[in-house]
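The chain contents come next:
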Amino acid sequence: MQVSSLNEVKIYSLSCGKSLPEWLSDRKKRALQKKDVDVRRRIELIQDFEMPTVCTTIKVSKDGQYILATVVTFETLSDDYSKIVFLHNDRYIEFHSQSGFYYKTRIPKFGRDFSYHYPSCDLYFVGASSEVYRLNLEQGRYLNPLQTDAAENNVCDINSVHGLFATGTIEGRVECWDPRTRGRVGLLDCALSSVTADSEINSLPTISALKFNGALTMAVGTSTGQVLLYDLRSDKPLLVKDHQYGLPIKSVHFQDSLDLILSADSRIIKMWNKNSGKILTSLEPEHDINDVCLYPSSGMLLTANESPKMGIYYIPVLGPAPRWCSFLDNLTEELEENPESTVYDDYKFVTKKDLENLGLTHLIGSPFLRAYMHGFFMDIRLYHKVKLMVNPFAYEEYRKDKIRQKIEETRAQRVQLKKLPKVNKELALKLIEEEEEKQKSTWKKKVKSLPNILTDDRFKVMFENPDFQVDEESEEFRLLNPLVSKISEKRKKKLRLLEQQELHEKEEEEEPEGKPSDAESSESSDDEKDWVAEVRKQRRLLQQEEKVKRQERLKEDQQTVLRPQFYEIKAGEEFRSFRDSAAKQKLLTKTLEDRLKLEAKNGTLSVSDTTVGSKQLTFTLKKSEQQKKQQEAEKLHRRERKSLRRSAGHLKSRPRRGRPFH
């Protein structure tokens, strides 16, 4: 009996160890058991627990009394072995009773899996066809098949609670059918959901395993090594677990008492929590796995391997030992008193990225790597050998890293250089100085400091885009900052010092000498006293600059040669002379009194007194030439009409008889 432990979960292998040949005598067997510890510790739990050939399916009867194994697949229709249906690889279906062979029939295409629907006594067969064949055992005949959208179907299962039938296709989908209406009620695209950010898929994932649990839970295994847990009310998986080997999932089982899911591929069996996805433990048998069966209501696990010998494992954390081998509990308690080293004590955990760096990705799926969590375990000796071959200068790199760390530690003790932006360096230096003063004041007074503009993303463009460069020669800047000349000179000196320090090597950096605080305070007080004088000085400078600009403009005007300009007269206008425009210019230069007198002489203005003693002015607007022509035309038209009009005086009405109308 071999014991392994992972995550403090012990797994007892009851089928491993040295076996004794049958032709040995009892005396020889006893002698070997005394000498060899492995032979002495070997437990033959089930005698001759082997198959003549390799088996692909292993199951336990519902009453837990019988273990059955076949080549393709089978299903027990009763609680024991009295009613069994076998599916062979030659399209034949055999029915066996307790007495032996009972009936044999064939299906149209090669079958891969089948399930039994107890309420209707129907067998559902899936295989190398898009149809799901139905065989009714009560009537003894085939019924109309279910037509799926898939080219072929790999696995199927029926929910024991509500009877929903599900089949997994080679296109990576799961189709769900209602046996009562023989209609499809759902479709899950598991191939798309199985692809995660860390997984590498070289081919289309197909469905290789399918299992219901309760009324709403379903687990799906893919051919690329992923296990998806679904709630039937959603088309998105609750969890996606990757076996990391890229091998098809052979079997999926639920352990309800501990909320565990057991998923197996040909290399490993993983047990993980269905709520959190955390792996409880894993198991790697000697031979490749074909099928896994969980013994009901116990902690025993059975495997069908790629060898005639089948595996038996006991995991106490999953449950007690079966009733027919209850002595295993006492044996495991005795073995716990003599603890042994765990399986992975001499192994190194590596991720897939580490394997790529070492050039060992071709070992994935081989016995040299054991998948665990998000990576693999490999022999520590192999890891050191490969790493030495890949990187023979590892010691030199280690030495350089240590030297670099020492240099960084010494640099940290020096004054750090201020990294200034490319745009508005002086403004950035001013903000840095203000921030340092604020930090000193907040450290002394314990006042909450405000955020700095340099670290605010909203003002980031101000120190990156040259369009936001401050123009220190502008009039607004010089009037608003009268002391900018002195302060800017100080900052320019600091900027030159910082640029010189950046040019030198970091090892030769020296701290720039600064002025004492007393000198700075005295200078600040002098600046405050000279404020008014500096403002006046800046105003005088601006006036002088403006005077110089006017003189330059005047010289330019004098040097320019005036050229005649031609204008086009509008249609309907007549050109008389430039006297009118000149008269208008003269009129505009006169006072209001003179203009009123002139308008009164011309008749365009009349002044009259009102009854209340005030004055009333009446202006007559001047008319344009077009308006005058129109008025003359209207007068001429009226005269013509008047000359042509005839008198109507000779038309008189005769008096009428009768009463006058009042």
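For clarity, every value in this text was computed on a predicted model and none was experimentally measured.

Which parts of the structure should I look at to understand the overall build of the protein chain?
From N to C terminus, the protein chain includes 15 helices and 32 strands. Within the protein chain, buried positions represent 34% of all 662 residues. Considering only intrachain contacts with a sequence separation of at least 6, the fraction spanning at least 24 residues in the protein chain is 45%. Carbon and sulfur atoms make up 51% of the accessible area of the protein chain, which totals about 45,900 Å².

Is there a simple way to think about the sheet that holds strand β29 (residues 369-372) in this case?
Pairing between the strands of a sheet is mediated by backbone hydrogen bonds and can be parallel or antiparallel. Pairing within the open sheet is antiparallel, and its three strands lie in the order β28-β30-β29. One side of each edge strand has no neighbouring strand; the edge strands of this open sheet are β28 (347-351) and β29. Along the sheet, successive strands turn relative to each other by an average axial angle of 35 degrees, direction set aside. Bridge analysis of β29 against strand β30 (residues 375-379) gives four bridges, and the strand direction is antiparallel. When the bridges of β30 are listed, Leu369 appears paired with Met378.

Help me understand the pairing of strand β6 (residues 84-87) in this model?
Consecutive side chains of a regular strand alternate in pointing toward one face of the sheet and then the other. The side-chain alternation of β6 yields two buried faces, one formed by Ile84 and Phe86 and the other by Val85 and Leu87. Taken together, the four bridges between β6 and strand β7 (residues 92-97) define a ladder with antiparallel strand orientation. Note on β7: the bridge partner recorded for Phe86 is Glu94. Between β6 and the antiparallel strand that follows it, β7, lie four residues; Arg91 among them carries a positive phi value of about 75 degrees.

I tried to follow the pattern of salt bridges on my own but got confused; where do I start?
Between side chains of opposite charge, a pair can form when the charged atoms approach closely. In total, this model carries 11 salt bridges according to the counting rule given. Residue Arg458 pairs with Asp456 through a salt bridge whose shortest N-O separation is 2.8 Å. In this structure Asp456 comes out as buried when scored by relative accessible area, which is 18%. A single network of salt bridges, built from pairs that share partners, joins Asp149, Glu175 and Arg184.

I would appreciate a short explanation of the nonpolar core in the present structure.
One recurring pattern in soluble globular proteins: nonpolar side chains tend to sit buried together. One finds Leu14, Leu45, Ile58, Met300, Leu302, Ile312 and Leu328 to be the most contacted residues of the largest nonpolar core, which totals 19 residues. Elements with a minimum of two residues in this core: β3 (57-60), β26 (300-305) and β27 (311-314). Of the residues forming this core, the biggest block, three residues, is contributed by β26. Those residues in contact with Ile312, other than ones at most four positions away along the chain, are Tyr12, Ser13, Leu14, Ser15, Leu45, Ile46, Phe49, Met300, Leu301 and Leu302. Of all hydrophobic cores here, the second largest spans 15 residues; its members include Leu260, Ala264, Met271 and Ile315.

Help me out: how do you make sense of the environment of Trp177 in this one?
With respect to the secondary-structure elements, Trp177 resides in strand β15 (residues 173-178). Residue classification places Trp177 among the buried residues on the basis of a relative accessible area of 7%. What Trp177 contacts, discounting residues up to four positions off in sequence, is Leu146, Gln147, Thr148, Leu164, Phe165, Thr167, Arg182, Gly183, Arg184 and Val185. Within polar-contact distance, the side chain of Trp177 engages the side chain of Glu175 at 3.4 Å.

Hey, could you run me through a positive patch on the surface in this one?
A cluster of basic side chains, namely Lys547, Lys549, Arg550 and Arg553, defines a positive patch on the protein surface. As for its position among the elements, Arg553 is in helix α12 (residues 531-559).

Got a minute to help me understand the pairing of strand β18 (residues 217-222) in this structure?
Of all six residues making up β18, five are buried, and the element is well covered by its neighbours. As paired elements, strand β17 (residues 207-213) and β18 share six bridges and run antiparallel to each other. Along β18, the bridge assignment pairs Lys211 with Ala219. Between β17 and the antiparallel strand that follows it, β18, lie three residues; Gly214 among them carries a positive phi value of about 75 degrees. Once β18 ends, the chain turns through three residues before running back antiparallel as strand β19 (residues 226-231), passing Gly225 with a positive phi of about 95 degrees.

Any chance you could explain the sheet that holds β19 here in plain terms?
In space, the four strands of this open sheet follow the order β17-β18-β19-β20, with antiparallel pairing throughout. Each edge of the open sheet carries a strand with a single partner, namely β17 and β20 (239-242). With strand direction ignored, the average angle separating the axes of adjacent strands in the sheet is 15 degrees.

Would you mind going over unusual backbone geometry with me for this structure?
What is expected of a backbone is that most residues other than glycine have negative phi and most peptide bonds are trans. Of note, the phi angle at Arg91 is positive, near 75 degrees, even though the residue is not glycine. Mapping Arg91 onto the fold places it in the loop between β6 and β7. Positive phi outside glycine occurs at Arg182, with the angle close to 55 degrees. Among the secondary structure elements, Arg182 is positioned in the loop between β15 and β16 (183-189).

What is the right way to read the packing of aromatic side chains from this model?
Two measures describe an aromatic ring pair: the distance that separates the ring centres and the angle between the ring planes. One pass over the full model with this rule turns up nine aromatic pairs. The lysine or arginine in question, Lys104, covers the ring of Tyr92, its NZ or CZ lying 4.1 Å from the ring centre. If you follow Arg106 out to its NZ or CZ, it ends over the ring of Tyr92, 4.9 Å from the centre.

Help me understand the environment of Thr224, please; the structure alone is not making it clear to me.
Structurally, Thr224 can be placed in the loop between β18 and β19. Given the relative accessible area of 12%, Thr224 is considered buried. For the pair Thr224 and Thr206, spaced 18 residues apart in the sequence, the C-alpha separation amounts to 7.7 Å. Once residues lying within four places of it in the same chain are set aside, the contact partners of Thr224 are Ile201, Ser203, Pro205, Gly246 and Leu247. Within the structure, Thr224 has its side chain in polar contact with the side chain of Gln226 (distance 2.3 Å).

Would you take a moment to explain the side chain of Arg267 for this structure?
Mapped onto the elements, Arg267 comes out in the loop between β22 (260-264) and β23 (269-273). Classification of Arg267 as buried rests on a relative accessible area of 12%. Within polar-contact distance, the side chain of Arg267 engages the backbone oxygen of Ser366 at 3.4 Å. With residues up to four places along the chain from it excluded, the contact list for Arg267 reads Tyr245, Leu247, Leu283, Glu284, Pro285, Asp288, Ile289, Gly365, Ser366, Pro367 and Leu369.

Procedures and definitions
Residues numbered from 1 in each chain as written. Predicted model: local features only at pLDDT ≥ 70, side-chain atom pairs only at ≥ 80, totals over all residues. Heavy atoms only, no water. Helix = DSSP H or I, 4+ residues; strand = E, 2+ residues; numbered from the N terminus. Buried < 20%, exposed > 50% of the residue type's maximum accessible area, 1.4 Å probe, protein only. Contact = heavy atoms within 4.5 Å. Areas by Shrake-Rupley, 256 points an atom, 1.4 Å probe, with all protein chains shown as cover. Pairing = 2+ DSSP bridges. Axes fitted to C-alpha atoms, helices over the stretch in contact; angles between N-to-C directions. Salt bridge = Lys/Arg side-chain N within 4 Å of Asp/Glu carboxyl O. Core = buried A, V, L, I, M, F, W, Y, C linked by side-chain atoms within 4.5 Å. Polar contact = N/O pair within 3.5 Å; in protein donor to acceptor, adjacent residues only side chain to side chain. Patch = residues over 30% accessible without salt bridge, like charges linked within 9 Å, V, L, I, M, F, W, Y side chains within 5 Å. Lys, Arg positive; Asp, Glu negative; His and termini not counted. Charge placed at Lys NZ, Arg CZ, Asp CG, Glu CD. Phe/Tyr/Trp six-rings, centres within 6.5 Å; stacked < 30°, edge-to-face > 60°. Lys NZ or Arg CZ within 6 Å of the ring centre and 35° of its normal.

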